[in-house]
Each structure stands twice: as structure tokens, then as C-alpha cells.
Amino acid sequence: METKLSRRKFLKLSGIAAFSPFVRLGDSVRLSEKAPEPVDYGVERRVPLRCRMCAQQCPAIGVVKGGRLIKMEANPHLPYAGICGRSRSAPAAVYNPDRLKYPLLRVGKRGEGKFKRISWEEALDRIAAVLKKYREKGEPERVVYLPRFTSAAGLDKPFWHLYGTPNVLSYADTCHSAGHDWGLGVYFGHPTTPGAFWMDYPHARFGVIAMRNPGGGLCVYQFGTLFAEGRRNGVRLVAVDVRFPNEAVEGAGRKWLPIRPGTDAAFHLALAHEIVKKKGYDEEFLRRQTNACMLIDPETLEPYQPEITEKVDPKTKKKKKHVRYRVWDEAQKRAVFKDAAQRPALRGEFRLGGRRLITAFEAICRALEEYTPEWAEKITTIPAEEIRRVAEELIRHKPRTFVDTGWYSERYANVLRQFHALGLVNTLLGVWEKKGGIGGIPKVKLHGPLPKVPKPKALQITKYYQQKFYPFLVPKAGRRFVFEALRTGKPYEPRVLFAMGQNFIGGSAGSPEIIKLLDKVELIVCMTPFMDESCLYADIILPDTLFPERDEVLHFKFKQSMPTVAMHMKAVEPPFEARPGSWVILELARRVLKPEEFDKYFGDFARGGWELAWRRQLQGLAEKHPGLSLERLKKEGVWYGRQSYRIKRKTWTGEIEIFSLILLEKWKKLKAQGHPHADHAHPLPLWMPPFWWQEAKGRLREDEFILCTGFSPLNSFTGGQTRDNPLLLEIWNQIGVDRVWIHPEKARRLGISDGDLVEVFPAHNPGLKARARVWVTPLVHPEVLFTYYGVAPGIFPQLKRYLAFLPEHGVNINHFSKFHFAPLEGGHATQDVIIKVRRA
């Protein structure tokens, strides 16, 4: 069936789930239809929850009648409260007949999907026997724990560390780490996740959204609600994206600039060029808040006669470096330490004792000279005049403007340089910590629910690769290096994988290569509510609860402008034999740990449960944070403090480092080692192309594309709670969420029409194929094939046996990507691969 959708109809249908708690599961969806009223089962009960339809845990209220979850609402006790269409569809996930019902044991070959039902007792005993074996052998580090949608937060990491493995590894190398985190983080001296910044959309006058869609992406509290208020207040926006992000820029005063995939860094460099050329930077901000005035050698880039001291941090016991540097004081006409200068020079070249010196800002300006809008046009396909207009708008409205700091970065090999260039634009404009600009995200640090456990002594797999090859790798965020360790045997081969809510096959670039490496693993355990790609290769599958079916640890790591603590309480009973991860961890701890270990660290929790754990988390915090109490959290579900703009700094100078000394040190070391990718760490602005650009020499063939992904308000990752949701599927069928977008010009040349079924496959491995329906639309860059992330079976059609509401066709980019790593930071560069298309 062919479905032709206008851009406006697409926008309207996308909004259905965001505003209606239920949508009729009939033949069609009409905006005029009213959501049906639930049957009145009795007294309505309202339970504080944190939504886990994606991973962001937006505070919500679950409405329960007769023991059944009937709808989800935003928590009304918060400013900027809100939930999205994913959250509204939670009841459909809870009562989905496709849920995993019992523990399962593999009886066929891995990948065949053949399992038999076993008891919880047998499943736990089997897992515990293998865990005890490696602990008794003195090799607990060979066990790897992979959490994502964990239902054991607060208990799982302490257990695995007490067990002895340091390998508790997140998915973030397939999301934002470390291209985003260190690309921006070098300005502040530490890796800065998407949870480090908030864009002040409500007070901004103009903004640039590059590779980001706050209207259709994740995290309603607060990113989505702040964005919505900004739109109501009239913020003008330009979206720089490979496809039209309709939720973000639909309407008057907003514009879309289609960009060639993987070239965002060139766009940002050209903006920086124009800001410098027009002297549109914030001179006082650069003088006072950054190290732009630092005197450096123009050849070596080393600071001129700095004073370097080291102190031991009393908390971390690590040495902390401090650099006091010299500037040229225009008032005294000589070089002095900055803290002694009356007016430090921002630009200029100086002679001191026969040495030629320049300011760091002068070096940056000179490096930017070649990155003109005309240069960027040839790379990005964005017209030079459009780039100039965007730069002029940014200059005109500073500091109440910004380039959004983004989120999902690990798409291309050059994202470290991309986010470094993006950070440069915001630093030049002086928008950090400014109203209408970019603020830092404050947090209340709670105690853990358990006593603090000793850290494992074994070498973490990711720390080995950080030390050897990827200096900007964030060790806790590198799950794909588990499989690199299987491939190379270094530093050792993992023998057990325990994944809790983490789909390491469906969510990682290079899935086919990863599968081949699994033969080296003795035991694979997957705990999840729904079948997924990783479960197909598991030895034991444990049926997890969904979020309304369990109590959870208090949560404080929100992406918001004010410190927030939120409660999560069990609303309904789990179906069949589903159990929460907290129960599983406790049972494994009983079986694996020594009795005295269990009693010391888990005994209180085993006796007192979550009530005791919650009180432990809040102990001693009421005085510092008035109103923060367990009673309030139980009643209202949330506590929040004052809004803040302050951004945490850990730089060696104590300032925002527009000229990063961390980058300088890494770059010089890598150059001395002859590292082939050393220039990815260059402290000055520098264009580096993505992998596909190097492979294709900047020019794709007629039938070649870059397959790009993004989120809609109706899907998230590869989790079955949205991927196999009957409510969402009904809307997907109306708007074609599972389709691939192709530009009319390319479609015509390939003889492809709207609604055609096509085969999609990677150029480097034509044997891997997936089928998808096509949407021919001008709302995508001609060199891009766009699909929403993770909505379809891709190369694993056998998933349809377990997930009846999974779309029949569609593409998952991770199935086609190469098993490669972004230079220096180790991200999975999932879109950095050439794809081909032909009619099926």
C-alpha cells in the first residue's frame, strides 16, 4: 500500500501520541477522534514513576485502576514538566503479549533462536556456577557486565565490583562518547556528556541546531520542554541536518539547511571564520573567562615561561596540575602573568629576548583564515551566503544565542573535531554561562543505596585501550572494546557477558563481525522484557520487568537546568514470571559472594528493602537542600532546586580553555610517537574528513549513499518497549516511520518510485541485505538515505517470530556498519560507511 504524506500531515500525525494517552488500534488514525475512556475499575491511584520508554527517566505519574496501568501523565510538581508520545504508549508495552514470560535456556545453536523454558532457580544456579568458577580461578575480570535499561541501578555496579570485575561498561561509545564529550570537554578540562549543558531556549533569540532534534529526540524533562517554551517565546532557529527535522524547525522564523553527511565540522569552522573576520566575538569574555591571551610559541605552540604546579586532590588522591601563564600587558608594555596584567592583549605578535611570540587567540585566528564560507560550501554543499547569514545572526544576538551542543555524536570518524569546532563558535560568542545562552547542569549528589564497596584491582579492558591507542576513550563507556578484546586477545579475552537491558548486537556498529567473535564466550546472559538481536545469541534469557512494575533507586542525574531528585515506586505487578534486576542481583549475590561479604554489603538491603535504601540515599542532605525528604518524594515524586548556569571547570588554567592545554599535551605526545591520527588532537581549529570521504575521495557514485539515522517522538533505540509497541505501530503505519527517505533526484536516476520496496546493503559487504519501503521526498540531502533509528528487524528477520508488532521491513544502520573505531576516542562511527540501494 502506498502512502503519500505531505510534510504538514507528517508533523500532525507525529504529534498524536504526544497529546493523547491512547490511540484507537483500528484501521486509521484521525485527529478528530477522541481517545476512549478507560473502564472504571475503581478508585484511581497515582504513582510517582520515572519513564523508561527511553533511557532518560523523565519524572511522570502512572495512573492505576483496578491494578492496571491505564495511562501516563507528566509530573505536575515540576516546572517544565512533560512526557512524550513514547511515554504515553507505556500501557501498550506493559500489556504487550510479546513480553518475555519465563527464564529461557538455549537448546540450539547461537543465533537460531531455539530455547526452552526453565525455572528461575535453575537459571540463577547455572549463572552463579560459572561466576563462582572464574572468581575461584582468580579471573573475575573475564566477566563483563553491560547495563543499559537496567532494573538494578544502585545494586548492580556494587555487586560486580565486589565480585571482582572492573568491566561494567555502558553503551555510550555508540552514542555520545567520546567525540561529543571530549570535543566540548577540552574547553572545560573534563569530558562533558550531553548531561553537562542546557540550552536556554526560553530566553534565546536565535539558535543553530546541528545534528540535533530537540523537538523529536529524547529527554522531554527538560530539553524538550525548554525547547517548547523557547518556540512559544519566538526563538528563531536554523537546523543544519541531513534531513528536515520537522519537529524542530517547522513554522515561521525557522529554516533548514541540508548538509552533506559528516561535514558539520567544516560548517562550524566557517562560522568561526566569519565571527573572527567580522570581529563579532565577545572580546571581554575572551579576555576574562578564557586563556585566549596566553603567549605561545607560534612554531611549537608551547606557552611562554609558564609556572606549573601540582597538588594532590584530597578526594581523588590524584595529582592536579595548575598552569599560571604569561600574557602581553598592553598597559605595562611587557609580558607578565595574567593575574598581574591590567589589560592583556587578545591578539598580536611580540618579540621577547629574541623569541617570536603570539597570543593563543592570534594562533586560532590565523588557523581559521583558510576556512572561508566558499571553502565550506564545496565540502558541505551549504551555500556560502547562507553560512554568512547564520554567522551574522549569531553575532547580532550574542550572548542570547548558541549552537546547540548536541547529543548523539558517534556517527563519523571526525566527530571529535566536529564538536571541538562547535565549542569554538560558542566560546567566541561568549555564550557559556549566560542567560539566553548555554548553562551547566547542576546535580544533587545522593549517597548510594549500599555501603561503598572496594574497587576491583584487575585492569579494565577499556583502560588498556585508552592507554595504548585511544587517549580520549572514556573507560566506562566503551562496550565495543569488549569485542575488540575478543578479536585481539588483549588485554585478555572475556568469557562471560551479562547484558541487562543492553542490546549489544542491535545497538553496535559492526554487528556481523561481533557475532563471529561470540564463539569465544562461554556464557551469554541477556535480561530484558522483549526479545532482541542479542537475545538470539544468548545462552540464558531472563524476563525483566518494565519500569512501572518495580521500585527503583532515587535518581538525580537529570539533564535539566535545576537540581532534581525523583522517586520511582512500583505501580503494578509484573506479568508471568518477570522479575526486576534488583531481585536478580540480590539472588546472585547470595549464591556467589561469601556469607560475610553478602551480610556486610547487601544484608541491610535484604532485610529493609527499598525503604531503607531510599533513607540511606538521603541521609544528611535535608539541611543542605531544604525540602528534600523521603516523605515529599513519596507524595509528589520529585524535589527540585534553583536554576543554575554555572559550568564545572577542571582545566589546568582554571579558565575556559579556548586553546586547550590537554589537547596540546596529547597532540605533542602522539606526534612524537608517530601516531597516524595525531592531528585529531590538534589544539588549533582543523578540518579532518570522515572515513567515507577518504574512501570515496569526497564523491559518491550514482547508487551510493550514506545511511543516516535519527529519532522521532515515537521511537527510541532498539528496545522492544517502543520497537514492538502495538500503539506506536498503528501510528507508524500512518506516517511510514519504518521507511527509508530518498531524494527525488536520486530516486529518478535509479528508477525508484515512492512506495517501492528496495534492497539496502553496504558497499563493502553486498551479501548483507535488508528490505525497506521508500519515501521519495525532497526533505533529505541527495547523498543521504535516511531512516529512523532501530525500528525494524534489518538483517534479522527471525525477530518477527517473537515481536509481532515489529515492522516487517526496515533498516538498522548498525547491521551494515563496519567494526571500526573513531580515531583517538573510540566511538563506533556508525554512519561512516557507504551504502547501496536497488529495487527489490
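Each value, and the rule that gives it
- Residues numbered from 1 in each chain as written.
- Predicted model: local features only at pLDDT ≥ 70, side-chain atom pairs only at ≥ 80, totals over all residues.
- Heavy atoms only, no water.
- Helix = DSSP H or I, 4+ residues; strand = E, 2+ residues; numbered from the N terminus.
- Polar contact = N/O pair within 3.5 Å; in protein donor to acceptor, adjacent residues only side chain to side chain.
- Contact = heavy atoms within 4.5 Å.
- Axes fitted to C-alpha atoms, helices over the stretch in contact; angles between N-to-C directions.
- Parallel < 35°, antiparallel > 145°, perpendicular 65-115°, else oblique.
- Nonpolar A, V, L, I, M, F, W, Y, C, P; charged D, E, K, R; others polar.
- Pairing = 2+ DSSP bridges.
- Expected span 1.5 Å × (residues − 1).
- Domains from an automatic or database assignment.
- Buried area = accessible area lost by both parts, 1.4 Å probe.
- Salt bridge = Lys/Arg side-chain N within 4 Å of Asp/Glu carboxyl O.
- Core = buried A, V, L, I, M, F, W, Y, C linked by side-chain atoms within 4.5 Å.
- Buried < 20%, exposed > 50% of the residue type's maximum accessible area, 1.4 Å probe, protein only.
- Phe/Tyr/Trp six-rings, centres within 6.5 Å; stacked < 30°, edge-to-face > 60°.
- pLDDT = per-residue confidence, 0-100.

Asker: Describe the side chain of Ser 170, with residues and values.
Answerer: Within the secondary structure, Ser 170 is located in the loop between α6 (156-163) and α7 (179-185). In terms of polar contacts, Ser 170 uses its side chain to reach the backbone amide nitrogen of Ala 172, at 3.2 Å. If we skip the residues at most four places from it in the chain, Ser 170 touches Pro 147, Lys 476, Ala 477, Gly 478, Arg 479 and Gln 502.

Asker: Which residues make up the packing of helix α16 (residues 461-468) against helix α17 (residues 480-488), and what values go with them?
Answerer: Put simply, α16 and α17 touch, their axes get as near as 9 Å, and they point 80° apart. If you check the angle between α16 and α17, you find them roughly perpendicular. Across the interface between the two elements, Ile 461, Thr 462 and Tyr 465 of α16 pack against Phe 481, Val 482, Glu 484, Ala 485 and Thr 488 of α17. Looking at side-chain class alone, the contact of α16 with α17 contains 5 nonpolar, 2 polar and 1 charged residues.

Asker: With reference to specific residues and values, describe the sheet that holds strand β8 (residues 206-210).
Answerer: Strand order in this open sheet of 4 strands is β10-β9-β8-β18, and the pairing throughout is parallel. Looking along the sheet, the strands with just one partner apiece sit at the ends: β10 (254-258) and β18 (401-403). On average, each strand axis in the sheet is tilted by 15° relative to the strand beside it, whichever way the strands run. Relative to β10, strand β9 (residues 236-241) is paired through 5 bridges, and the arrangement is parallel. Residue Ala 239 lies in a different strand from β10, and its bridge partner there is Trp 256. Its contacts with the sheet put helix α10 (residues 264-277) on β8, β9 and β18, and the angle it makes with β8 is roughly 155°.

Asker: Got a sec to walk through α10? Specific residues and values, please.
Answerer: For α10, built from 14 residues, the straight-helix expectation of 20 Å at 1.5 Å per residue is met to within 8% by its first-to-last C-alpha distance of 20 Å. Remark: Lys 279 follows α10 within two positions and exhibits a positive phi of approximately 50°.

Asker: Explain the domain arrangement of the chain to me, and be specific about the residues and the numbers.
Answerer: Here the chain is partitioned into domain 1 (1-31), domain 2 (104-174 + 452-552 + 568-622), domain 3 (186-313 + 321-442 + 651-681) and domain 4 (691-839). Taking the mean C-alpha position of each, domain 3 and domain 4 sit 32 Å from one another. Listed by partner, the interface residues are 31 residues for domain 3 and 33 residues for domain 4. The three residues of domain 3 that bury the most area against domain 4 are Arg 243, Arg 411 and Ala 413, which together make up 23% of that side's buried surface. On inspection of domain 3 and its partner domain 4, the count reaches 1 salt bridge.

Asker: Tell me about the nonpolar core, residues and numbers included.
Answerer: Residues Phe 361 and Leu 428 are the most contacted members of the largest nonpolar core, which totals 128 residues. With sequence-adjacent residues up to four places away left out, Phe 361 is seen in contact with Val 276, Tyr 281, Leu 286, Ala 292, Leu 346, Arg 347, Leu 428 and Ile 658. The next biggest cluster of nonpolar side chains, apart from the first, holds 57 residues, and it includes Tyr 492, Cys 526, Phe 530 and Leu 536.

Asker: How would you sum up the packing of α10 against helix α13 (residues 373-380)? Please name residues and give values.
Answerer: Packing of α10 against α13 leaves a shortest axis separation of 9 Å and a crossing angle of 170°. Classified by the interaxial angle, the pair formed by α10 and α13 is roughly antiparallel. Facing α10, whose interface residues are Ala 266, Phe 267, Leu 269, Ala 270, His 273 and Glu 274, α13 presents Pro 373, Trp 375, Ala 376, Ile 379 and Thr 380.

Asker: Which residues make up the packing of aromatic side chains, and what values go with them?
Answerer: Evaluation of the coordinates by the stated rule reveals 42 aromatic pairs. Residues Tyr 408 and Tyr 789 carry aromatic rings whose centres are separated by 6.3 Å and whose planes lie at 70° to one another, so their mutual orientation is edge-to-face. Of the two residues, Tyr 408 is situated in the loop between β18 and α15 (415-429) and Tyr 789 in the loop between β29 (784-788) and α27 (813-816); the sequence distance between them amounts to 381 residues. Per residue, the accessibility class of Tyr 408 equals that of Tyr 789, and both read buried. Clustering of aromatic rings is evident, with ring pairs tying together Tyr 464, Tyr 465, Phe 469, Tyr 470, Phe 481, Phe 819 and Phe 821.

Asker: Please set out the environment of Val 791 residue by residue, giving values where relevant.
Answerer: Its location among the elements puts Val 791 in the loop between β29 and α27. Separated by 417 residues in the primary sequence, Val 791 and Glu 374 place their C-alpha atoms 38 Å from one another. When near neighbours in sequence (up to four residues on either side) are disregarded, Val 791 contacts Asn 715, Arg 723, Trp 732, Val 737, Asp 738, Leu 806 and Pro 807.

Asker: Go over the confidence of the model for the chain, please, and point to the residues and values.
Answerer: Summing up the model confidence of the chain, the mean pLDDT is 92 and the portion of residues at 70 or higher is 95%. Taken together, the stretch residues 1-41 has pLDDT below 50 and engages in 82 contacts with residues farther than four places along the chain or on a different chain.

Asker: Mind laying out the pattern of salt bridges, listing which residues take part and the relevant values?
Answerer: Taken as a whole, this structure holds 67 salt bridges when the rule is applied. A salt bridge links Arg 236 to Glu 393; its shortest N-O distance comes to 3.0 Å. With Arg 236 in strand β9 and Glu 393 in helix α14 (residues 384-397), the pair connects residues that are 157 residues apart, well separated along the chain. For Arg 236, a relative accessible area of 34% gives the class partly exposed.

Asker: Would you mind going over unusual backbone geometry in detail, with residue names and values included?
Answerer: Residues other than glycine predominantly adopt negative phi, and peptide bonds predominantly adopt the trans conformation. A cis amide bond links Lys 398 with the next residue in sequence, Pro 399, at an omega value of 5°. With respect to the helices and strands, Pro 399 occurs in the loop between α14 and β18. Of the consecutive residues Lys 490 and Pro 491, the connecting peptide bond is found in the cis state with omega at -5°. Mapped onto the secondary structure, Pro 491 falls in the loop between α17 and β20 (496-500). The residue Leu 301 is not glycine, and still its phi comes out positive at about 70°. Mapping Leu 301 onto the fold places it in the loop between β11 (295-296) and β12 (307-312). With phi around 60°, Lys 333 is a residue other than glycine that occupies positive phi space. Judged by relative accessible area, Lys 333 falls into the exposed class, the value being 59%.

Asker: Please give an account of the sheet that holds strand β22 (residues 540-543) that cites residues and values.
Answerer: Pairing in this open sheet of 6 strands is mixed, and the strands run β5-β4-β22-β21-β20-β6 from one edge to the other. Of all strands in the sheet, those bounded by a partner on one side alone are β5 (115-117) and β6 (143-147). Within the sheet, the average angular offset between the axes of one strand and its neighbour, ignoring direction, is 15°. As paired elements, strand β4 (residues 104-106) and β5 share 3 bridges and run antiparallel to each other. In the strand pairing of β5, Arg 106 is matched with Phe 115. With respect to the sheet, α6 is in contact with β6 and β20, its orientation differing from that of β6 by roughly 170°. In the packing of helix α19 (residues 581-592) onto the sheet, the strands contacted are β20, β21 (523-528) and β22, and the crossing angle to β20 comes to about 150°.

Asker: Any chance you could break down the pairing of strand β28 (residues 770-776) for me, citing the residues and the numbers?
Answerer: Regular strands place side chains that alternate from one sheet face to the opposite one. Sheet analysis places strand β26 (residues 740-742) next to β28, joined by 3 bridges and oriented parallel. Within the sheet, the bridge partner assigned to Val 740 lies in β28 and is Val 774. Pairing of strand β27 (residues 757-762) with β28 involves 4 bridges; the strand directions are antiparallel. Along β28, the bridge assignment pairs Leu 757 with Arg 773.

Asker: If you had to explain the side chain of Thr 722 to someone new, which residues and values would you point to?
Answerer: Relative to the helices and strands, Thr 722 is located in helix α24 (residues 720-723). Once residues within four sequence positions are removed from consideration, Thr 722 is found in contact with Met 53, Arg 86, Leu 714, Asn 715, Ser 716, Leu 728 and Trp 732.

Asker: I'd like a rundown of the environment of Glu 393, residues and numbers included.
Answerer: Looking at Glu 393, the relative accessible area reads 15%, which means it is buried. Separated by 185 residues in the primary sequence, Glu 393 and Val 208 place their C-alpha atoms 9.7 Å from one another. Ignoring anything within four residues of it in the chain, the contact list for Glu 393 reads Phe 206 and Arg 236. Within the structure, Glu 393 has its side chain in polar contact with the side chain of Arg 396 (distance 2.9 Å).

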